[in-house]
Amino acid sequence: MAGHSKWATTKHKKAALDAKRGKLFARLIKNIEVSARIGGGDPAANPTLYDAIQKAKRNSVPADNITRAVKRGSGEESGGADWETIMYEGYGPGGVAFLIECLTDNRNRAASDVRVALTRNGGSLADPGSVSYLFSRKGVIIVPKVDDLTEDDVLMAVLDAGAEEVDDEGEVFRILCEANDVVTVRTALQEAGYEYDSAEAQFVPATEIEVDLEGAKQCLRLVDALEDCDDVQNVFANFDASDEVLAALDES
C-alpha cells in the first residue's frame, strides 16, 4: 500500500512480516521479470532491474528465484509470461481514492478480481481518469535511520541530485523526487555511504482524506483484499490518519 507517507511507511515495515509472503514474493519476482524484459538482463545497465533486484533481496526472496526471473525476462530461459500493466481506478469507504496497478497475463481476470475486491469491501470501480488526476507519479526513496543520521545529512546528500523534499517519518526518512530522478538520487545516497530500503516510482496523492479509526480499518481491509489478488502489483490511496489512530491500529 502506498498512500500518505505514514501509511506507506507502516505498510513498508510490516511487509517483511506479512503472513502472505508468497504473494509478496510473487509480486517482486514478476517485477524483476518485466524489468529484465524491458531493459535487458544486466542490472548494471538497467537501473530499474537493479532496484527491483535490491527490493527483492531486502525482502528475503531467494537468490535462485531472482536469477531465474532475470533469465526468463531477458529470454535466456523459457517460461516467462506476456505481462501487461493495467491501471484501475476506484473509490473506497468514505470516498477515498484508489489507484490499483496490475501486472497480468489475463486482462479479464484482473478486472473481475479488482471489481469484486472493491465491491465486497465498501468500494466501487471508477471510470478511467476520475481518480488518477488526484495523484502524481513521483520517485520515492526510503532511507532507514541508522546511527546519528539526520534529516539534514540526507538532504545535503540528495539535494543536487534532484530531490524535492525529505520527510522524517519516525523510523525512516522518505525522499520525494521526480520519477525520472530516482536513479540519480539513489546513486547520490550510495556515494554518500547511506543505505536505502527501497527506491521506485509511485503514485503520490496531492491531497489526503483524513480517516478515523473505523475508516482506517475499512480502508486497510480493502487494501488487503486488493493485494490478495494475484494480478495486483501496487495499491495507492489518498487516506491519512493521525498518530493516535495509527497507535490504536497497532494495538488492535
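As shown above, the structure is provided for reference.
A brief structural summary. Throughout this document, residue positions are counted from 1 along each chain, in the order its sequence is written. A pLDDT threshold of at least 70 governs which residues receive local features in this predicted model, and a stricter bar of 80 or more applies before side-chain atom pairs are shown or counted, although totals over entire chains, interfaces and linings include all residues. Only hydrogens and water are removed before side-chain values are computed, so all heavy atoms of the structure are retained for them.

Further remarks concern the sheet that holds strand 3 (residues 124-125). Read from one edge to the other, the open sheet built from 4 strands follows the order 3-1-2-9, with strand pairing classed as antiparallel. Each edge of the sheet is formed by a strand with only one pairing partner; in this case those strands are strand 3 and strand 9 (232-237). We call two strands paired when DSSP finds no fewer than two bridges between them. Each helix is a run of H or I in the DSSP string that is no shorter than four residues. Each strand is a run of E no shorter than two, and both are numbered from the N terminus.

The antiparallel open sheet is built from 4 strands, whose spatial order is 5-6-4-7. Each of the sheet's edge strands pairs with one partner strand only, and the pair in question is strand 5 (163-168) and strand 7 (198-205). With strand direction ignored, the average angle separating the axes of adjacent strands in the sheet is 30°. Throughout, a contact is declared for two residues whenever any of their heavy atoms are within 4.5 Å. All axes here are fitted lines through C-alpha atoms, helices being fitted over the stretch that makes contact, and every angle between N-to-C directions spans 0 to 180 degrees. Sheet strands touched by helix 6 (residues 151-158): strand 5 and strand 6 (172-178). Its angle to strand 5, the strand with the most contacts, is close to 165°. Running over the sheet, helix 7 (residues 182-191) touches strand 4 (135-144), strand 5, strand 6 and strand 7 and is turned about 140° from strand 6.

When the terminal C-alpha atoms of helix 8 (residues 213-227) are compared, their 21 Å separation across 15 residues agrees well with the 21 Å that a helix rising 1.5 Å per residue should span. Here the term buried applies to any residue with accessible area under 20% of the maximum for its type, exposed to any over 50%, and partly exposed to those in between, with areas from a 1.4 Å probe on protein chains only. Every buried residue of helix 8 is accounted for by Gly215, Ala216, Cys219, Leu220, Leu222, Val223, Leu226 and Glu227. For helix 8, the buried positions fall inside an angular range of 155° around the axis, keeping them on one side. By this rule the span expected of a helix is its residue count minus one, scaled by 1.5 Å. The arc in question is formed by the directions pointing from the helix axis toward the C-beta atoms.

The geometry of an aromatic ring pair is captured by two quantities: the separation of the ring centres and the angle between the planes. Centres within 6.5 Å are what make two rings of Phe, Tyr or Trp a pair, Trp counting through its six-membered ring; a difference in plane orientation under 30 degrees is then read as stacked, over 60 as edge-to-face, and the rest as tilted. Considering all chains together, one arrives at 2 aromatic pairs under this definition. Centre to centre, the rings of Phe98 and Phe239 are 6.4 Å apart; their planes meet at 35°, and the pair counts as tilted. Here Phe98 is found in strand 2 (residues 97-104), whereas its partner Phe239 is found in strand 10 (residues 239-240), with 141 residues between them in sequence. For the residue pair Phe98 and Phe239, the accessibility class agrees, reading buried in each case. Here, a charge over a ring is recorded when the distance from Lys NZ or Arg CZ to the ring centre is within 6 Å and its angle to the ring normal is within 35 degrees. The ring of Tyr196 carries Arg58 above its face, with NZ or CZ at 4.5 Å from the centroid.

Helix-helix packing is described using two parameters, namely the angle between the two axes and the distance between the axes. Direction vectors running N to C along helix 2 (residues 21-39) and helix 3 (residues 47-58) enclose 165°, while the axes themselves pass 9 Å from each other. Judged by the inter-axis angle, helix 2 sits roughly antiparallel to helix 3. The handedness of the crossing between helix 2 and helix 3 comes out as left-handed. Of the residues in helix 3, those touching helix 2 at Leu28, Asn31, Ile32, Ser35 and Ala36 are Thr48, Leu49, Ala52, Ile53, Lys55 and Ala56. Each residue receives one of three labels: charged for Asp, Glu, Lys and Arg, nonpolar for Ala, Val, Leu, Ile, Met, Phe, Trp, Tyr, Cys and Pro, and polar for the others, Gly being one of them. Looking at side-chain class alone, the contact of helix 2 with helix 3 contains 7 nonpolar, 3 polar and 1 charged residues. For this classification, under 35 degrees means roughly parallel, over 145 means roughly antiparallel, 65 to 115 means roughly perpendicular, and everything else is oblique. Rotating anticlockwise by less than a right angle from the far helix to the near helix defines a left-handed crossing, while the corresponding clockwise rotation defines a right-handed one.

Among the secondary structure elements, Gln202 is positioned in strand 7. Owing to a relative accessible area of 12%, Gln202 belongs among the buried residues under this scheme. A polar contact is formed between the side chain of Gln202 and the side chain of Glu200, at a distance of 3.2 Å. What qualifies as a polar contact is a pair of N or O atoms within 3.5 Å, subject to a donor-acceptor requirement within protein and to the restriction that residues adjacent in sequence count only when both atoms come from side chains.

To continue, consider the nonpolar core. In this structure, Tyr88, Phe98, Ile100, Val114, Leu226 and Phe239 are the most contacted members of the largest nonpolar core, which totals 26 residues. Considering every element that reaches this core, the biggest residue donor is helix 8, with 6 residues. In contact with Val114, other than residues within four places in its own chain, are Tyr88, Ile100, Cys102, Leu125, Leu226, Cys229 and Val232. Working definition of a nonpolar core: buried Ala, Val, Leu, Ile, Met, Phe, Trp, Tyr and Cys residues. They are joined through side-chain atoms within 4.5 Å. Core analysis: the next-biggest nonpolar cluster, separate from the first, contains 18 residues, Val166, Val182, Ala188 and Ala199 among them.

What follows concerns the side chain of Ser35. Here Ser35 shows up in helix 2. Setting aside its immediate chain neighbours within four residues, Ser35 contacts Gly40, Asn46, Thr48, Leu49 and Ala52.

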